[in-house]
Amino acid sequence: MADRTVVVSAPGKVLLAGGYIVLDRKHTGLVFGLSARIHVLAQEIHTSEGVHISEIVVQSPQFLNATWRYGYHLVDDGGGIKVTQLQSGVPVDSNHFVETTLNYVLSYIAEMDKRRRAHGFQPASLVILADNDYYSKQKQSAERPSSSSSAGETLPPTTSEEHVSSNSSSTIRPKDETPSTTKTEKPPRPRFRHFGTTLRDAHKTGLGSSAALVTSLTAALLSHYLAPSLFDLATPQGKRVLHNLAHVAHCSAQGKIGSGFDVASAVYGSCLYRRFSPTLLSSLPNPGEPGFASALAELVNAGKWDCEIQKEKVGLPPDVAIRMCDVDCGTQTVSMVKKVHAWRDGNPDLAAKAYHDLQSKVDDLARVLREGKTEEIPAVMGPFRDLMRKLGQDCGVPIEPESQEGMLNALEKLDGVYGSVVPGAGGYDAAAVVMKDDEETEKKVKGFLREWSAKHEIQVRLMRVKGETDGVRKEDVREFKLWTHCC
Ligand SMILES: Nc1ncnc2c1ncn2[C@@H]1O[C@H](COP(=O)(O)OP(=O)(O)OP(=O)(O)O)[C@@H](O)[C@H]1O
Ligand SMILES: C[C@@](O)(CCOP(=O)(O)O)CC(=O)O
């Protein structure tokens, strides 16, 4: 049988402009994909002769205690495939986004490829590898140097979980290719570092890890299990199916609260985004309920998807970059959205005016970036920030908190910085900077953030990540050979 090992990656996102208004179908948001990606490697699990296992094993080897084993069964009355997390040895936290994605994607696959109902799913191993910028550095993080040439570069510290599972044929660690380094040599920066923490305790930088993960996991499962005649990521139809299925799974895992701009950019990359009608998903049964599988397949394959993804409306001048600053604080997006909506519902006229004004700035910003009018960026981003700050004040929500306001005002005074914003929902998450794409400006910004951090006793740093237009893509499996069972 053909080797079905596949690696798919999807980008993170930054909603540069359009937070809150994009939740309303009347409006659009300007979203950029990011160079920070989440990769998922899918491969068969090879067992010794006579040994049969029926598991799907998902691992996130950059975190402690992050191996999730699932059994699966076909539910009667067309309820689809339901997975159950298997526990053995050290208890492992559940991973709601992974589990939900498996329920939706395996149900869709079984519906599209009827043979699966009779023969079931071959056991599979899925390895999640996130680019380093998705999480803030934590001081206790343990790293060991290893090979600098390929993707699986850093060895996780030994954990009790690994001890438990070390005999299993289905748990993988990167093959140990640790080179000998002398004491004085600085270890190479690992492409996928170990964060030295559990996922629950990790400090997210707000780049949209869950949407990138759900998208790349969905694409990896579809590519691994379905023949190319049924799913081909390289075709527009393949992307449409991926987009719809990942949307449904992500919405379900999130509790149906988002506009979906993050999944759209994970699939298609940078775009001007108009959301789908929320009613689209309202009649879909839940996984396991009668009729779920066929309703899901129908919704994904056809459905009245009325979202708009306009890629041609988005561009960047060649010498301009969108960079992100990690502020290393968290933001409660859900409660902020609730407060903004409560204000909007209580003040419809004021809200309509505010949303209209914000939309015109979203359009202006898209236009000046697309048309390469670098000199006009400050005159658009400044008033956009003012309007977002005003919205926050009206709703009693810290969309641009004072601490961020002071920092961004000072940052914008630097030569080469054209504008900045607290993207998406705002708050204390990452800040975005639109700046000249050269070393000199990068040095200035880094120096500024170092001084600002010291003066204000906070931790702000410029991340490596940059705005990028690409969406989901297949990666060269050979680059991930340290994470595969074979080769
Ligand atoms: N590297 C990873 N490995 C396994 N699961 C992950 C990984 N990254 C994200 N997840 C899943 O996504 C969840 C985080 O989703 P959540 O919506 O809270 O954050 P987010 O999408 O990163 O938010 P933001 O838009 O602010 O960046 C985790 O709890 C986990 O279920
Ligand atoms: C507030 C909202 O419009 C943007 C949230 O963006 P972010 O997660 O802060 O990047 C919500 C949404 O569109 O899903």
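Residues numbered from 1 in each chain as written. Chains lettered and ligands numbered in written order. Predicted model: local features only at pLDDT ≥ 70, side-chain atom pairs only at ≥ 80, totals over all residues. Heavy atoms only, no water.

The protein carries the name Phosphomevalonate kinase in an unreviewed UniProt entry, which gives Achaetomium macrosporum as its organism. For the protein, the Catalytic activity (unreviewed entry) comment in UniProt is given as "(R)-5-phosphomevalonate + ATP = (R)-5-diphosphomevalonate + ADP". In its Sequence similarities (unreviewed entry) section, the UniProt record describing the protein reads: "Belongs to the GHMP kinase family. Mevalonate kinase subfamily." (UniProt positions renumbered as here; feature names shortened; annotations may be inferred.)

> Just to check I follow, could you spell out the overall build of the protein for this structure?
Along the backbone of the protein there are 12 helices and 13 strands. Per-residue burial over the protein gives 56% buried out of 487 residues. Contacts in the protein between residues at least 24 apart in sequence constitute 78% of all its contacts with a sequence separation of at least 6. In the form shown here, the protein has an accessible surface area of approximately 21200 Å², with 50% of it arising from carbon and sulfur atoms. (Helix = DSSP H or I, 4+ residues; strand = E, 2+ residues; numbered from the N terminus. Buried < 20%, exposed > 50% of the residue type's maximum accessible area, 1.4 Å probe, protein only. Contact = heavy atoms within 4.5 Å. Areas by Shrake-Rupley, 256 points an atom, 1.4 Å probe, with all protein chains shown as cover.)

> Sorry, what's going on with the site of ligand 1 here?
Surrounding ligand 1, one finds 17 residues, the nearest of these being Ser60, Asn95, Gly208, Ser209 and Ser210. A distance of 2.8 Å separates an oxygen atom of ligand 1 from a polar atom in the side chain of lysine 204. Residue serine 209 places a side-chain N or O atom 2.5 Å away from an oxygen atom belonging to ligand 1. The protein chains hide 80% of the 640 Å² of surface that ligand 1 would expose on its own. For the shell around ligand 1, the leading source of residues is helix 4 (residues 209-225), giving 3 residues. Residue composition of the shell around ligand 1, grouped by class: 8 nonpolar, 6 polar and 3 charged. (Near = heavy atom within 4 Å. Polar contact = N/O pair within 3.5 Å; in protein donor to acceptor, adjacent residues only side chain to side chain. Nonpolar A, V, L, I, M, F, W, Y, C, P; charged D, E, K, R; others polar.)

> Can you walk me through the packing of helix 8 (residues 333-346) against helix 10 (residues 377-395) in this structure?
What describes two packed helices is the angle between their axes and the distance between those same axes. Across the interface, helix 8 lies against helix 10 with an axial gap of 9 Å and an inter-helix angle of 80 degrees. Here helix 8 is positioned roughly perpendicular relative to helix 10, judged by the angle of their axes. Touching Lys339, Val340 and Trp343 of helix 8 are Leu391, Asp394 and Cys395, all from helix 10. For the contact of helix 8 with helix 10, the per-class residue count stands at 4 nonpolar, no polar and 2 charged. (Axes fitted to C-alpha atoms, helices over the stretch in contact; angles between N-to-C directions. Parallel < 35°, antiparallel > 145°, perpendicular 65-115°, else oblique.)

> Can you help me understand helix 10 in this one?
With 19 residues, helix 10 should cover 27 Å at 1.5 Å per step; its first-to-last C-alpha distance of 27 Å lies within 8% of that length. Listed as buried for helix 10 are Ile377, Val380, Met381, Phe384, Arg385, Met388, Arg389, Leu391, Gly392 and Cys395. Along the axis of helix 10, the buried positions cluster into a sector of 160 degrees, meaning they face one direction only. Counted as exposed and oriented over 90 degrees from the buried face of helix 10: Ala379 and Gln393. Of the surrounding elements, those touching the buried residues of helix 10 are strand 1 (6-17), helix 8, helix 9 (348-370), helix 11 (402-411), strand 10 (417-421) and strand 11 (431-436). (Expected span 1.5 Å × (residues − 1). Arc of directions from axis to C-beta.)

> What should I look at first to understand the side chain of threonine 100 in this one?
With respect to the helices, strands and loops of the structure, threonine 100 is situated in helix 1 (residues 96-112). A relative accessible area of 9% places threonine 100 in the buried class. Setting aside chain neighbours within four positions, we find threonine 100 in contact with Ala249, Ser252 and Ala253.

> It is not clear to me how the site of ligand 2 should be interpreted in this structure. Could you clarify?
Neighbouring ligand 2 are Lys13, Leu15, Gly19, Tyr20, Val22, Leu23, Gly258, Ser259, Phe261, Val337, Gly424 and Ala425. At 2.6 Å, a side-chain N or O of lysine 13 approaches an oxygen atom of ligand 2. Backbone polar atom of alanine 425 to an oxygen atom of ligand 2: 2.9 Å apart, as the coordinates give it. If ligand 2 stood free it would expose 380 Å²; the protein chains cover 86% of that surface. Summarising the domain contributions, the shell around ligand 2 has at least three residues from each of domain 1 (6-311 + 471-483) and domain 2 (320-468). (Domains from an automatic or database assignment.)

> Would you mind going over the environment of aspartate 131 with me for this structure?
Position of aspartate 131 among the secondary structure elements: in the loop between strand 6 (124-130) and helix 3 (160-165). Among the residues examined, aspartate 131 registers a relative accessible area of 13% and is labelled buried. For the pair aspartate 131 and arginine 385, spaced 254 residues apart in sequence, the C-alpha to C-alpha distance is 29 Å. Discounting chain neighbours no more than four positions away, the residues touching aspartate 131 are Ser35, Ala36, Arg37, His39, Arg191 and Phe192.

> Teacher, can you tell me more about the pairing of strand 1 here?
Side-chain positions along a regular strand alternate between the two faces of the sheet. Among the 12 residues that make up strand 1, 12 are buried, leaving the element largely enclosed by the rest of the structure. Both strand 1 and strand 13 (residues 473-475) contribute to a ladder of 3 bridges, which runs antiparallel. Within the sheet, the bridge partner assigned to valine 8 lies in strand 13 and is lysine 474. (Pairing = 2+ DSSP bridges.)

> Any chance you could explain the domain arrangement of the protein here in plain terms?
Partitioning the protein into structural domains gives domain 1 (6-311 + 471-483) and domain 2 (320-468). Interface area, domain 1 with domain 2, both sides summed: about 2900 Å², of which 63% is carbon and sulfur. In this assembly, domain 1 and domain 2 are joined by 1 salt bridge. We note a salt bridge from arginine 37 to glutamate 468, for which the minimum N-O separation is 3.7 Å. (Buried area = accessible area lost by both parts, 1.4 Å probe. Salt bridge = Lys/Arg side-chain N within 4 Å of Asp/Glu carboxyl O.)

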